[in-house]
Amino acid sequence: MMLRATLCLLCLASPLRAGVPEALTGHILPGYAGFAEAAGDLAEAARQDCTAPALRARYQLAFDAWTVVGDIRMGPSETGALAVVFWPDARGFTPRTLQGFIADQAPVGRDPAAYAEASIAARGLFALEQMLYEAEFAGYAPGSYACALVQTMTTDMAAQAQALQDGWRDGFAQVLLSAGGPGNASFLSETEAMAALYTQVMSSLEVTADTRLGRPLGSFDRPRPTRAEAWRAGRSLRNVLLYARAARDLAVMLAPGPLPQTDAALARLEELAGRVSDPGLQDLDDPAARLRLEIVQQQVRTLRDTIGAELGAPLGLSAGFNSADGD
């Protein structure tokens, strides 16, 4: 009883400190571990059968796993995430790079170790989306160069996923946990660590509203549906929801208590998303479809504002700069 009482007093005396370890152990570290496992499963599946139809289900699972932590851009992920998700690709570097590799039968496409130095445009989930879903690429046969390329790409992504997991588990997690301690130049106080994680939550929802939804919405006269994230894989709307859920889940781990208004805002977002007819967001030339997606976009912003009011304001936190903000 005495030990329990002492722990409770420590929690009350340092509410911000409690949120950081909970965020790490309850969300961030399991998220990177889950992505490493899913990426490894995809690479193993590619070794068994490299063809596009055989890999699509595993690909979808790997992308699902990525969204848990995909918008966290700090520590090892600040630059490491780019090798997993090179998007937006406004200039079409990914298909051009893949076309060049295939046309030239580039040796790097058969060498996973060398592929770690390849252009990020040819690495990760969006390069694999091209190979598995784009008609120009996806018809390759077993034993072909493209087959070997996909095996190399999946192996490379699995290695990157493991590197991210290791970087967080064996390094950056302790940097966050030791915030304010001697020698920690990254976070001079516990509040700074909390604010950095809070920034990840808020920036994720901002990217979802402005980029994942704003890019395909374009303007009323000129919607840009092929600018939607992962539209070839038919998961643009799914990504919106999964990233929103991940932001909410991280917010919950940071919070000293329940977030009922945030939970209600997420539930409303999921309800509104259920009215969107095309999961790939390719029907935006229809004014009714556009309006439904604009309402979803508004609700993502409402979710962000709700988290700000229910979590940020009571703790005196504000969102800072995130490396994903410029995407």
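See the structure shown above.
Bear in mind the structure is a predicted one, so any value in this text is a computation, not a measurement.

Caption draft 1: Structural view of the overall build of the protein chain. A tally of regular secondary structure across the protein chain gives 13 helices and zero strands. Starting at the N terminus and walking to the C terminus, you meet the elements of the protein chain as α-α-α-α-α-α-α-α-α-α-α-α-α. Relative to the compact-globule value of 20 Å for 327 residues, the protein chain shows a C-alpha radius of gyration of 21 Å, a close match. With the C-alpha coordinates of the protein chain rotated into their principal frame, the extents come out at 65 × 50 × 30 Å.

Caption draft 2: View of the packing of helix α10 (residues 190–217) against helix α11 (residues 236–254). Viewed as axis vectors pointing N to C, α10 and α11 meet at an angle of 165°, and their least axial separation amounts to 10 Å. When the axis of α10 is compared with that of α11, the two are roughly antiparallel. Crossing handedness for the pair α10 and α11: left-handed. Residues Met194, Leu197, Tyr198, Gln200, Val201, Ser204, Leu205, Thr208, Arg212 and Leu213 of α10 lie in contact with α11, whose contacting residues are Val240, Tyr243, Ala244, Ala247, Leu250, Ala251 and Leu254. Considering only residue class, the contact of α10 with α11 consists of 13 nonpolar, three polar and one charged.

Caption draft 3: View of the side chain of Asp89. The topology assignment puts Asp89 in the loop between α4 (77–80) and α5 (93–104). A distance of 2.8 Å separates the side chain of Asp89 from the backbone nitrogen of Thr94, its partner in a polar contact. Residue contacts for Asp89: discarding those within four places in its chain leaves Thr94 and Pro95.

Caption draft 4: Representation of unusual backbone geometry in the model. The omega angle of the peptide bond from Trp87 to Pro88 is 0°, so this bond is cis rather than trans. One can find Pro88 in the loop between α4 and α5. A positive phi angle, near 50°, is found at Gln105, a position not held by glycine. What makes Gln105 partly exposed here is its relative accessible area of 41%. In the Ramachandran plot, Ala230 falls in the positive-phi region, its phi being about 55° despite a non-glycine side chain.

Caption draft 5: Seen up close, the side chain of Ser204. Its location among the elements puts Ser204 in helix α10. Residue classification places Ser204 among the buried positions, given a relative accessible area of 5%. At a separation of 2.6 Å, a polar atom in the side chain of Ser204 contacts the side chain of Asp71. Those residues within four positions of Ser204 in sequence are excluded, and the remaining contacts are Asp71, Arg212, Tyr243 and Ala247.

Caption draft 6: A look at the pattern of salt bridges. Tallying each qualifying case throughout the model produces 18 salt bridges. Here Arg301 makes a salt bridge to Asp210, at a shortest N to O gap of 2.8 Å. Linking Arg301 in helix α13 (residues 287–315) with Asp210 in helix α10, this pair joins segments that are 91 residues apart in sequence. For Asp210, a relative accessible area of 38% corresponds to the partly exposed category. Linking Arg248 and Asp263 is a salt bridge whose minimum nitrogen-to-oxygen distance equals 2.8 Å. Remark: Asp263 occurs in helix α12 (residues 260–273) and Arg248 occurs in helix α11; sequence separation between them is 15 residues. Several salt bridges share partner residues, and in doing so they unite Asp64, Arg235 and Arg238 into one network.

Caption draft 7: Examining the state of the cysteines more closely. Applying the stated criterion across every chain, the model contains one disulfide. A disulfide bridge connects Cys50 with Cys147, and the sulfur atoms are separated by 2.1 Å. In this structure, the disulfide formed by Cys50 and Cys147 twists by about -115° around the S-S bond and is classed as left-handed. Taken as a pair, Cys50 in the loop between α2 (15–48) and α3 (52–67) and Cys147 in helix α9 (residues 145–177) lie far apart in primary sequence, 97 residues in all. An identical accessibility class is assigned to Cys50 and Cys147; each is buried.

Caption draft 8: Representation of the environment of Leu98 in the model. With respect to the helices and strands, the residue Leu98 is situated in helix α5. Of the residues examined, Leu98 reaches a relative accessible area of 0% and is grouped as buried. Residues contacting Leu98, with those up to four places away along its chain left out, are Tyr115, Ala122, Ala127, Gln130, Met131, Phe137, Leu149 and Met153.

Caption draft 9: Representation of the environment of Leu317 in the model. Structurally, the position occupied by Leu317 is in the segment after α13. Sequence separation between Leu317 and Thr191 is 126 residues; the distance between their C-alpha atoms is 8.3 Å. For Leu317, the contacting residues outside a window of four places in its chain are Thr191, Met194, Ala195, Tyr198 and Gly312.

Calculation notes
Residues numbered from 1 in each chain as written. Predicted model: local features only at pLDDT ≥ 70, side-chain atom pairs only at ≥ 80, totals over all residues. Heavy atoms only, no water. Helix = DSSP H or I, 4+ residues; strand = E, 2+ residues; numbered from the N terminus. Rg over C-alpha atoms; globule rule 2.2 N^0.38 Å. Axes fitted to C-alpha atoms, helices over the stretch in contact; angles between N-to-C directions. Parallel < 35°, antiparallel > 145°, perpendicular 65-115°, else oblique. Left-handed = near helix turned anticlockwise from the far one by under 90°. Contact = heavy atoms within 4.5 Å. Nonpolar A, V, L, I, M, F, W, Y, C, P; charged D, E, K, R; others polar. Polar contact = N/O pair within 3.5 Å; in protein donor to acceptor, adjacent residues only side chain to side chain. Buried < 20%, exposed > 50% of the residue type's maximum accessible area, 1.4 Å probe, protein only. Salt bridge = Lys/Arg side-chain N within 4 Å of Asp/Glu carboxyl O. Disulfide = S-S within 2.5 Å.

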